[in-house]
Each structure stands twice: as structure tokens, then as C-alpha cells.
Amino acid sequence: MWLKDKILEFFSKKEIASIGGGKKAVEKQLAMGKMTARERITAILDANSFHEYDMFVTHEAKDFGMDKKDLPGDGVITGTGTILGHPVCIFAQDFTVAGGSLGLAHARKITKIMDHSIKLGIPLIGINDSGGARIQEGVNSLAGYGEIFYRNTLASGVIPQISVILGPCAGGAVYSPALTDFVFVVDKISKMFITGPEVIKTVLGEDISMEDLGGARVQTEISGNAHFFANSELECFDQIKKLMTFIPWNNSKKAAPYPAKPPKPIYDIDTIIPNEPSKPYDIRNIIKSISDDSDFFEIQELFAPNIVIGFMRIEGETVGIVGNQPLVLAGVLDIDSSDKAARFIRFCDAFNIPLITLVDLPGYLPGVDQEHNGVIRHGAKILYAYSEATVPKITIILRKAYGGGYIAMCSRHLGADFVFAWPIAEIAVMGPEGAANIIFKSEIANSPNPNETRKQKILEYTEKFANPYVAAAKGHVDAVINPSDTRGYLIHSLKISIQKKEIRPTKKHGIPPF
Amino acid sequence: MKNKELNKLLIDDTNYETNFPAKFLRRKKYVKADPKKVFAFIPGVITNIKIKPGQTIGQNESIIILEAMKMKNDLLSPLKGKVKDIFISEGQMVTKGQLLIEFE
């Protein structure tokens, strides 16, 4: 009987802890259109794979009546489980317990599971739904945040870190997601900001709603802080599951291979690009014409859409792809697109994912706002990231590759292993119109018929330089290839690059233009 | 993104047909700074106006006190010249970027 009582006691303790903040708080959570922390973990992980730890952890705070407050799990659920068979460490803040506020015990549960994920070499998933620091715990709460940031930084480039924002994530708390690799947000549920609408109104007199300040749309479209936008929590979890299939457990592994599949025939690589270099097309159709099963997992789709980044597979192996998007801003590089691409390139390099770069751009975006906001420093990030990357780097110049844009898009000069160009490629300092206007300025000005002379000079320049052969003659391009052979060249190049090794000068770390 | 109603982006004398994203369309257009105009650099209350229209003052002289965030900000005249117009009165709340004074 004695044993039975103990077991019953255990179940009742577990039952109490499982309800979190109690029935009322749970009802409130559901009324906000949100799932509970426990439901979220169950929905993300494989069925019955979750092992919870530290369920009975309690806080030791004494001030402001905290000694009389019992907070189940101290407002966060931690544990391990699997996603489509891949192991993960996971934590989910429980908004029903003291608003998911972060106290010392809460933070220690998180840092413990983070330490696990680093030691075990498996990805970390953090679900954020918290009112912020537990003010009653004072500096202890801040210490907790700091220790989380410290581990986020240690884990960076070692294990993939994923943040899911499913509620408020404000003030200091928002820096942890910023330090992680992928941030997922859900429409109308996610709110991220450093200072909230009330403070902004008091200090600056600017009136703005929480949604307009730091909602899911804003964070994915304007700020670029978040990478994936979903309309519902379940859609968000599907995105996380799909991401998990493309990335490895840690930086010493490769992503799991999948059965090879040919692209779908509806994506005809020969007919996607228009003849005229000034006409747009959707680069994603080119990507789908070369990827396994025409599958492309796009990242940061809404932010800086003039560059497209994401994962696909070639013969079953994950590759990262970076492509200029002529459909938006003619595919130029600018501050946002450089930031977006550079961070992705560094992720791929850290996690042994080969990089394929598709080039079709007229250069960098002109503009006072660009210059004043530091396009030099931001644009340099993409040069740094490509030069620094030692994973296999394959570049396909599809059409335009002009000026600084040509150099930046993983040219031979930044260490590309293979550079291929299509016969319609134009590799030059600038487009024929601009070049002719500069080189033949006086000839055009002094001509009795300037327009006719300009046209003729543009044609002359086009014939001489607007092709891939000048670059190929110098070995900057390894081969000019038929567009329909592109996938074949990629398969071959990736296959022979499996053992690629590059020795770099020893250093503690570089100093990228952040 | 649909291919209809394309915008034109001019780069190196070539007009590229493309789409402009919302963020690009919302970007701040550059306005050349006018040294003859004084704007509020922070929202707050005008607690003291030390000049009158028509008055001639030297450069870097105190002209307005703008109180914001419990700080009395001393606004200095950007140039030596004659005050053309004063657009505010003492006690008035101003927003960031609001025109306060114009010199001739």
C-alpha cells in the first residue's frame, strides 16, 4: 500500500504541474487564439517522443510576496524529443504561469536544456511566450537573460538554434531570438520589440499599435528580424518540421540525405528567362527547374525580396541557394538583401551546406538613403561571407553580372570553386548603355547625329563585352554551359567537391562588417 | 508577385522592368537641409522663446528652450541673421520634426 500511495502522490503532483497556471489562465490563453505551451510541444514533436525535465523546479524568490506564490515549472517547460526522427532540445515558456515571466529558476531551466543541446550536438528549439522579466526577482531575472544570451552565442555555429515567437517577446527577451539562426512568427500572435508602444508614445509622441510596431508582418517584411511568417501556429510548426529536414544536427555533421528526385518537367529552364536583359522573370522558377522534385524551401520570403535564399536538394543532398530576383528591384543588391544573403551564407558555411549562387543583377541600388544608412558596410557583408565560406561554392551566371554586383555574387575572385555562365551571360563593368555613354562621351557629343552614334556605340560595346567569353578567356568563368545542362553541371560539381578542404590563416575570429 | 504594371528602375542608363516592394516605396526621400529653418529634434514643450520676429541675432545664440524628457534643451541659432517667423508659442507641445523658427 505504501508504494501505491507514493505513486498516487507522484501522479497528483504531475497533474498539478501539467495544468500550468490553472484552468482559468489556460482558458484565457486559448481565448487569445493561442495554444498552451504543452500543446505546442506536442504539436511540434513526433508523437510520444517528448521527455520533460525539471517539472518540479521551484523558484526561491522571497520578496513582494513571492514566497507564497507557487509557480508550476516556474513558467517554462523543458525537455527533449524528436522531429521527423531528428533529436532536438526544446523549451516552451508557459504564459499561463505568471505571464511566462522569466525568473532565475525559469532561466536556469532554459540554460540547462541549452547546455544539453550543445553537449549532445542537437538543435535547440525555443518557444517564446512571455511578458518579460519577473520584476519581483530584480537583477536575478536580468542575470537569467544574460546567461541565455551567452549560451546562444556559444551555441552559434555549433548547433542550429530555432526561435518560435508565439506571444509577446519584448525588451531584453527579444535578444535571444536575435542571436539564433531562424525565427518563426505567427500572424496576430507574435509581438517583438525592444521598447513597447507606451514608452514610444511617452518619449517620442509617436502613436503606434503593438501589431504595427512589432507584429509578425512587420518582423518578416520590414525589419527582417524574423525568417518565417505563418497564419497559424500549426502552419508555423509545419514550417519548422520542413526546415529540420534540410539542416544537420550540428556543425560536424551533414544534413540527412533524401532519395534523389528529378525536377518537374513544367519548369522548363530554356524558356523562363526573357531575351532582353531588362525584362524580369521569377528566379524561383529557375531554382525549381534544377532542384529535386522542383522543391524549394524559401527563407525570408517577405524581406528584401530582391534576393532569394533557401534550401533545396540536388540528388538528395541539401544545398543552400542564393539568387538575385529580377522580379523585384531588378535584383539589385542593397542594404537589406546583403544582410539577408550574408547571414544565410554564414549559416550554410557553419553547417556544411554547399552553396549555389545564381547571378542576374545590374549592380548595387543607387540612393541617398542607401548611402546614408551604410550600404558600404552592409554590402561588404556579402563579400565577407562568401570569401569566408569554405563549403563547396558553385556560381552560375545566368544573364547580367555587372560591376560590384558581379564580384559580390560569389565570383571566382571571392573563392568560388566552379563558375559557370550561360551563353546569354553579360559579364562586364556595367550594362552597354551606361558603358557606351561613358567611353564614347565626346564622340557622341560631337557627332552630327548623337542619338544614332549612341545607338551604334551601344551595339559596338554589346558585341564586344556583353557576353561570357571575355571572362571565360581569362579563366574567371570555368565553362560556358547550355542552360539545360545546368543541373548536370551542379550534380557533377557537388559530387566531386565532397572532400573539399581549404586551409585558411589561423585566427581567433574574423571581424566581419556587422 | 504579378508581372503586371511593372515599374522601371534606371541603373547605369538602362531601364529595368521590375516591381517595387512596399518598403522601397516608403523609403525617406532625401531633403536638403535648410540652415534657415529650425526644427524640433525631439517632441516636447516650448518653455521659453528668447527671440522676436525681425530681431537680428548671432550664430550659436540661445533662441528657444525645448523641454523634453525632463531635460531643458537649449536650441541655438544655426546662423547669424534676422528672424523671419516664429511658428510656435510658449507652452506649446511640439512633435518631432515640427518647424519652429525660420530665418530670413
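Residues numbered from 1 in each chain as written. Chains lettered and ligands numbered in written order. Predicted model: local features only at pLDDT ≥ 70, side-chain atom pairs only at ≥ 80, totals over all residues.

Caption draft 1: Fine view of the overall build of chain A. On a plain count of helices and strands, chain A comes out with 20 helices and 17 strands. Each principal axis of the C-alpha atoms in chain A carries an extent, and together these give about 105 × 55 × 45 Å. Pairs at least 24 apart in sequence give 73% of the contacts found in chain A among residues at least 6 apart. (Helix = DSSP H or I, 4+ residues; strand = E, 2+ residues; numbered from the N terminus. Contact = placed C-beta atoms within 7 Å.)

Caption draft 2: Representation of the overall build of chain B. Looking only at helices and strands, one finds one helix and 10 strands in chain B. When its helices and strands are written in sequence order, chain B yields β-β-α-β-β-β-β-β-β-β-β. Compactness check: chain B gives a C-alpha radius of gyration of 21 Å against a globular reference of 13 Å for 104 residues, more than 25% above the reference. Evaluated residue by residue, chain B yields a buried proportion of 20% over its 104 residues. (Rg over C-alpha atoms; globule rule 2.2 N^0.38 Å. Buried ≥ 20, exposed ≤ 12 C-beta atoms within 10 Å, placed from the backbone.)

Caption draft 3: Structural detail: the sheet that holds strand β4 (residues 124-128) of chain A. Residues and elements named next belong to chain A. The mixed open sheet is built from seven strands, whose spatial order is β1-β2-β3-β4-β5-β7-β9. Every other strand in the sheet has two partners, leaving β1 (51-53) and β9 (228-230) as the edge strands with one partner each. Strand-to-strand, the axes of this sheet are offset by a mean angle of 20°, without reference to chain direction. Across four bridges, strand β3 (residues 86-93) lies against β4 in parallel orientation. Within β4, the position partnered with C89 by the bridge is L124. Sheet strands touched by helix α4 (residues 104-120): β2 (76-83), β3 and β4. Its angle to β2, the strand with the most contacts, is close to 25°. Along the sheet face, helix α10 (residues 233-246) touches β2, β3, β5 (161-165), β7 (182-186) and β9 and points at about 160° away from the line of β7. (Pairing = 2+ DSSP bridges. Axes fitted to C-alpha atoms, helices over the stretch in contact; angles between N-to-C directions.)

Caption draft 4: Broad picture of the environment of P248(A). Residue and element names in this part refer to chain A. Mapped onto the elements of the fold, P248 is located in the loop between α10 and α11 (283-290). For P248, a count of 20 C-beta atoms within 10 Å gives the class buried. Residues P248 and I159 lie 89 residues apart in sequence; the distance between their C-alpha atoms is 8.3 Å. With sequence-adjacent residues up to four places away left out, P248 is seen in contact with K253, K254, A255, F351 and N352.

Caption draft 5: Structural detail: the domain arrangement of chain A. Partitioning chain A into structural domains gives domain 1 (12-246), domain 2 (258-429 + 467-514) and domain 3 (432-465). Inter-centroid distance (C-alpha atoms) of domain 1 of chain A to domain 3 of chain A is 61 Å. (Domains from an automatic or database assignment.)

Caption draft 6: Local environment of α11(A). All names here are of chain A. Taken across its eight residues, α11 has seven buried, putting it largely inside the fold. Every buried residue belonging to α11 is among I283, R284, I286, I287, K288, S289 and I290, and all of these are buried. On its buried side, α11 packs onto β11 (307-314), β12 (317-324), β13 (355-361), β14 (393-402) and α20 (486-496).

Caption draft 7: Spatial organisation of the environment of I86(B). All names here are of chain B. Along the chain, I86 turns up in strand β8 (residues 81-86). Between the alpha carbons of I86 and I101 there is a distance of 4.8 Å; along the sequence they are 15 residues apart. When sequence neighbours within four positions are dropped, the list of residues in contact with I86 reads I49, P53 and I101.

Caption draft 8: Just the interface of chain A and chain B, in detail. With 25 residues of chain A at the interface, the matching set in chain B holds 24 residues. For the side of chain A that touches chain B, the secondary-structure elements that each account for two or more residues are α7 (197-204), α13 (368-372) and α16 (432-439) of chain A. The dominant element in the side of chain A that touches chain B, judged by the number of residues it contributes, is α16(A), at three residues.

Caption draft 9: Main features of the nonpolar core. V164(A), I165(A), F184(A), I240(A), I345(A), I397(A) and L398(A) are the most contacted members of the largest nonpolar core, which totals 137 residues. Among the elements that take part in this core, helix α12 (residues 335-350) of chain A stands out by supplying seven residues, more than any other. When residues no more than four places from it in sequence are discounted, the contact partners of V164(A) are I125(A), G126(A), I127(A), N128(A), F184(A), C236(A) and I240(A). A40(B), I64(B), L75(B) and L100(B) belong to the second largest nonpolar core, which has 10 residues in total. (Core = buried A, V, L, I, M, F, W, Y, C linked by C-beta atoms within 7 Å.)

Caption draft 10: Main features of the packing of helix α3 (residues 37-44) of chain A against α10(A). All names here are of chain A. Direction vectors running N to C along α3 and α10 enclose 40°, while the axes themselves pass 10 Å from each other. The angle between α3 and α10 places the two elements in the oblique class. Helix-helix and strand crossings are classified by hand; for α3 and α10 the assignment is right-handed. Between α3 and α10, the residues in contact are R40, A43 and I44 and E233, L234, F237 and I240, respectively. Residues belonging to the contact of α3 with α10 are distributed by class as follows: five nonpolar, no polar and two charged. (Parallel < 35°, antiparallel > 145°, perpendicular 65-115°, else oblique. Left-handed = near helix turned anticlockwise from the far one by under 90°. Nonpolar A, V, L, I, M, F, W, Y, C, P; charged D, E, K, R; others polar.)

Caption draft 11: Seen up close, unusual backbone geometry. Residue and element names in this part refer to chain A. At A304, a residue that is not glycine, the phi angle is positive and equals roughly 40°. With respect to the helices and strands, A304 occurs in the loop between β10 (297-299) and β11. Residue A304 is classed as buried on the basis of its C-beta count, with 26 C-beta atoms lying within 10 Å. Unusually for a residue other than glycine, A330 sits at a positive phi of about 60°. One can find A330 in the loop between β12 and α12.

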